[in-house]
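Descriptive structure summary
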Amino acid sequence: MRPGKLCGLAVVVALAATACGGAPDSGPGDDPGASGRSGFPVRIADCQGTTTTFAAPPRKIVTSNAAALEMLLRLGAGDRVIGTGFPPGKGALPGELGERARKVPVLGKHIVPKEKLLASGADLYIDTFASMGAMGGAGDAPTPEEFRAAGIKHVYLASTACARTNGKPQRDLSAVEGDIRRLGAVTGTAGRADALVAGMRAKLSAVHEAVGGLAAAKRPTYFFFDYDAGTKQPMAVCRKQLANAVITLAGARNIFDGCDGDFKAVSWEVVVAKDPDWIQLAVRNRGDAAADDAAYDRAAAFLKSFPATKGLTAVRKGRFLRIGSERTTIAGVRNAETVEEIAHTLHPARFKAAR
């Protein structure tokens, strides 16, 4: 990707990163320190190319959900978060991250109400959703004019919020890397962002070495079963959704890779016709390990008893993966861990051979 080209969110000045390319571009003028002390000003463009300028790091941040909150915690900027929507349940984040997340005030159990957001005193709102098909557009969101009047700058996570309007499928995690690096630049924690991205790339490199060369015909087919979206009509994760990148990097073929967009309601007849080799029982975090396990059990029981699905190859052979929905469909460092888990489950022999 050429420097300066916009794709989803992009740092226009003072950050060498992209939202949809491979490795970040660099060159004259890309040094974060070149445009001002400590890397500021930083300019961010949204999905439509509208630019937001940060003259200094924000001091009070509201996050739309646990994904953006987790990124800020990992970047070392969690002490600036004054509120969140969709808070992480107990056990959703590992160790100390979970403890710190529970100290963040909850402004909404789901979407942050418009009035609370505008009256929060925040100077930055990080939005994970925006145009996210099944999850976005909920609630009465503030207008750009209302954000400006409240003194709140509005930034999206490109990998999820801009996915549906992006021109390309997601088949790698470069958009997630871009989100992490942009938040690092905005919060003045670019060094920490680089380290997080490097850790992700180390995991992905090992997976790529084992399964990256697999031809399409050699890759098992894979169905992401969003159990919590309902069982009457399954929800497909299409090629522009982040889950498509996770599945592809893990050496599998998303049965809905041919579906344009991010999410799409489909029929069970379509799933049956594709007869996946593996099925991910993707349940959303219940806030308790036992409750999560029970939800996985219910998802598997449904597939085993439902007349349309009990004869599927994956169901007959018990090829289920019990992996949470959020770490597959929402941006974060743990996307790389999900790639690892899927790849090791589907291709164990290839990893044994690599030892």
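If you're wondering where the values come from, they're calculated on a predicted model, not measured in any experiment.

Time to look at the sheet that holds strand β8 (residues 153–156). Spatially, β6-β5-β4-β7-β8 is the arrangement adopted by the five strands of the open sheet, whose pairing is parallel. Unpaired on one side and paired on the other, β6 (106–108) and β8 mark the two borders of the sheet. Looking at each pair of strands side by side, their axes are set apart by 25 degrees on average, direction ignored. Across three bridges, the pairing between strand β4 (residues 61–63) and strand β5 (residues 81–85) is parallel. The partner of I61 across the bridge, within β5, is V81. Strands in contact with helix α1 (residues 66–75) are β4, β5 and β7 (124–127); relative to β5, the strand with the most contacts, it is inclined by about 150 degrees.

This next bit is on the nonpolar core. Residues I126, L173, I180, Y222 and I342 are the most contacted members of the largest nonpolar core, which totals 54 residues. Put simply, the parts of the chain that give this core at least two residues each are β2 (42–45), α1, α2 (95–101), β7, α6 (174–187), α7 (190–211), α8 (242–249) and α13 (334–346). A total of eight residues in this core trace back to one element, the largest contributor, which is α7. Not counting chain neighbours up to four residues away, the residues in contact with I342 comprise Y222, V246, A250, Q280, L321 and I323. Ranked by size, the runner-up nonpolar core spans 24 residues in total, among them F256, A295, Y296 and V315.

In this section: helix α10 (residues 289–305). Along its 17 residues, α10 runs 24 Å from first to last C-alpha, staying within 8% of the 24 Å computed at 1.5 Å per residue. Those residues of α10 that sit buried are D292, A295, Y296, A299, A300, F302 and L303. The buried residues of α10 occupy an angular sector of 155 degrees when the element is viewed end-on, so they sit on one face. For α10, the exposed residues set more than 90 degrees away from the buried face come down to A290 and S305. Its buried side turned inward, α10 meets β9 (221–226), α9 (268–274), β13 (278–282), α11 (313–316) and β14 (320–321). The backbone nitrogen of A290 has a side-chain oxygen 3.0 Å away, supplied by the residue at the start of α10, namely D288.

Counted according to the given criterion, the structure contains eleven aromatic pairs. On the basis of an interplanar angle of 80 degrees and a centroid distance of 6.3 Å, the ring pair of F223 and W268 is categorised as edge-to-face. Here W268 lies in helix α9 and F223 lies in strand β9, a separation of 45 residues in the sequence. Residue F223 shares its accessibility class with W268, and that shared class is buried. A centroid spacing of 6.1 Å and a plane angle of 25 degrees characterise the contact between F225 and F302, whose relative ring orientation is stacked.

Time to look at the pattern of salt bridges. Counted according to the given criterion, the structure contains 15 salt bridges. Between R181 and D194 there is a salt bridge; the shortest N-O distance is 3.1 Å. You can see R181 sitting in helix α6 and its partner D194 sitting in helix α7, a full 13 residues away along the chain. Judged by its relative accessible area of 39%, D194 is partly exposed. Members of the salt-bridge network, linked through shared partners, are E70, R74 and R334.

Conventions and cut-offs
- Residues numbered from 1 in each chain as written.
- Predicted model: local features only at pLDDT ≥ 70, side-chain atom pairs only at ≥ 80, totals over all residues.
- Heavy atoms only, no water.
- Pairing = 2+ DSSP bridges.
- Helix = DSSP H or I, 4+ residues; strand = E, 2+ residues; numbered from the N terminus.
- Axes fitted to C-alpha atoms, helices over the stretch in contact; angles between N-to-C directions.
- Contact = heavy atoms within 4.5 Å.
- Core = buried A, V, L, I, M, F, W, Y, C linked by side-chain atoms within 4.5 Å.
- Buried < 20%, exposed > 50% of the residue type's maximum accessible area, 1.4 Å probe, protein only.
- Expected span 1.5 Å × (residues − 1).
- Arc of directions from axis to C-beta.
- Polar contact = N/O pair within 3.5 Å; in protein donor to acceptor, adjacent residues only side chain to side chain.
- Phe/Tyr/Trp six-rings, centres within 6.5 Å; stacked < 30°, edge-to-face > 60°.
- Salt bridge = Lys/Arg side-chain N within 4 Å of Asp/Glu carboxyl O.

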